[in-house]
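Observations on the model geometry
Given next are the chains, with one letter for each unit.
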Amino acid sequence: MNPLRKIWAEGRTSFDAFLSIPNSWSAEVMAHAGFDSLTIDMQHGMMDFQTTLNMLQAIGNTDTVPLIRLPWNDPAITMHVLDAGARGVICPTINSAEEVEALVSACRYPPRGFRSYGPLRATIKMGPDYAKMARQEVLVFAMIETATAAAELEAIASVPDLDGLFVGPYDLSVSMGLTNLADIYDPKLKEVLDRILATCKAKNLIAGIFTGKMEDAKTLAEWGFNHVSHTHDSAMLTEIAKAKVKFLKNLP
Ligand code: 3PY
Ligand code: MG
């Protein structure tokens, strides 16, 4: 079973980070840090398919679950990363139930969907019964990151065989015309977050979210988000590097 499902079944929150650096070594270092999962970000990260494969292989040396943030809702890349062993996908900028249906169909084998059979690396990693267990194994998240999606929440969340909603608070704030981006205490954004949490509970979906702020990760888990992604490798490197430079430059 996908280890993330076990965490959620036990009522715990899974903690994740995004990978934006296109490199198998940095992915391996991050995986050895002990995150429950890591999300290779093919939308805003710098990687192509070949590097993504190398990163999946590097993460595969650990117990960390490899997820992919897709570049777009495109069945070709969706099926390709699943064949390469991604154990879940997060699709950006979903705006309607029809778009979720297209996403879910690309991730599920017939008769539910139209995923083409050819799980080359997925079978090596997860065994010859992969196709039988793929419905349980492959996690499908629709990103809620537009005002349109927030208005269509009920329909989006009602598509069968979707596993969860994943909030993109930055795009969502931009789309809602909010000036403080990803401010989870802004009443307008908080209202949408509360509705997403309630909808996930009602529809038995996993509620996921990204946050750039470490203190917000704790709050979001307390509010009921089941899966919290905190920042990405480039931001972590920048933060540590700047702290080191500040320390060193202040030496006598
Ligand atoms: C957003 O906040 O818009 C995101 O996509 C976070 O990953
Ligand atoms: Mg976004």
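The structure we're discussing is the one just above.
Let us look at the structure shown here. All of these numbers come straight from a predicted model, not from anything done at the bench.

**Things to note about the packing of aromatic side chains**
Overall, the coordinates contain seven aromatic pairs when judged by the stated rule. On the basis of an interplanar angle of 85° and a centroid distance of 6.3 Å, the ring pair of Phe141 and Phe166 is categorised as edge-to-face. Linking Phe141 in strand β5 (residues 139-144) with Phe166 in strand β6 (residues 164-167), this pair joins segments that are 25 residues apart in sequence. For Phe166, a relative accessible area of 0% translates into the label buried. Put simply, the rings of Trp8, Phe18, Phe141, Phe166, Tyr170 and Phe210 pair up and form one aromatic cluster. The ring of Trp223 carries Lys190 above its face, with NZ or CZ at 4.4 Å from the centroid.

**As for the pairing of strand β4 (residues 88-91)**
Residue alternation in β4 divides its side chains into two sets, Gly88 and Ile90 and Val89 and Cys91, and both sets are buried. Across two bridges, strand β3 (residues 65-69) lies against β4 in parallel orientation. Residue pairing across strands places Ile68 opposite Val89, the latter belonging to β4. After leaving β3, the chain enters helix α4 (residues 75-83) and then returns to the sheet as β4, a path that is right-handed.

**Examining the coordination of the magnesium ion (ligand 2)**
Listed as protein donors to the magnesium ion (ligand 2) are Glu145 (OE) and Asp171 (OD); their distances from the metal cover 2.1 Å. Placement of the pair is Glu145 in the loop between β5 and α8 (147-151) and Asp171 in helix α10 (residues 169-175), with a sequence separation of 26 residues. Relative accessible area serves as the criterion here: at 33%, Asp171 is assigned to the partly exposed category.

**Describing unusual backbone geometry**
At the junction of Pro110 and Pro111, the peptide bond is cis and its omega measures out at 10° in the coordinates. Even without a glycine there, the phi angle at Ala182 is positive, about 55°. Here Ala182 is to be found in the loop between α10 and α11 (187-203). Note on Ala182: relative accessible area 7%, which makes it buried. Even without being a glycine, Thr231 presents a positive backbone phi close to 55°. Relative to the elements of secondary structure, Thr231 occurs in strand β8 (residues 227-232). Judged by its relative accessible area of 9%, Thr231 is buried.

How each quantity is defined
Residues numbered from 1 in each chain as written. Chains lettered and ligands numbered in written order. Predicted model: local features only at pLDDT ≥ 70, side-chain atom pairs only at ≥ 80, totals over all residues. Heavy atoms only, no water. Phe/Tyr/Trp six-rings, centres within 6.5 Å; stacked < 30°, edge-to-face > 60°. Helix = DSSP H or I, 4+ residues; strand = E, 2+ residues; numbered from the N terminus. Buried < 20%, exposed > 50% of the residue type's maximum accessible area, 1.4 Å probe, protein only. Lys NZ or Arg CZ within 6 Å of the ring centre and 35° of its normal. Pairing = 2+ DSSP bridges. Right-handed = clockwise from strand over helix to strand, strands pointing away. Donors = N, O, S within 2.8 Å, 3.2 Å for Na, K, Ca; no water.

Purely geometric stuff here, so don't read any function into it on its own.
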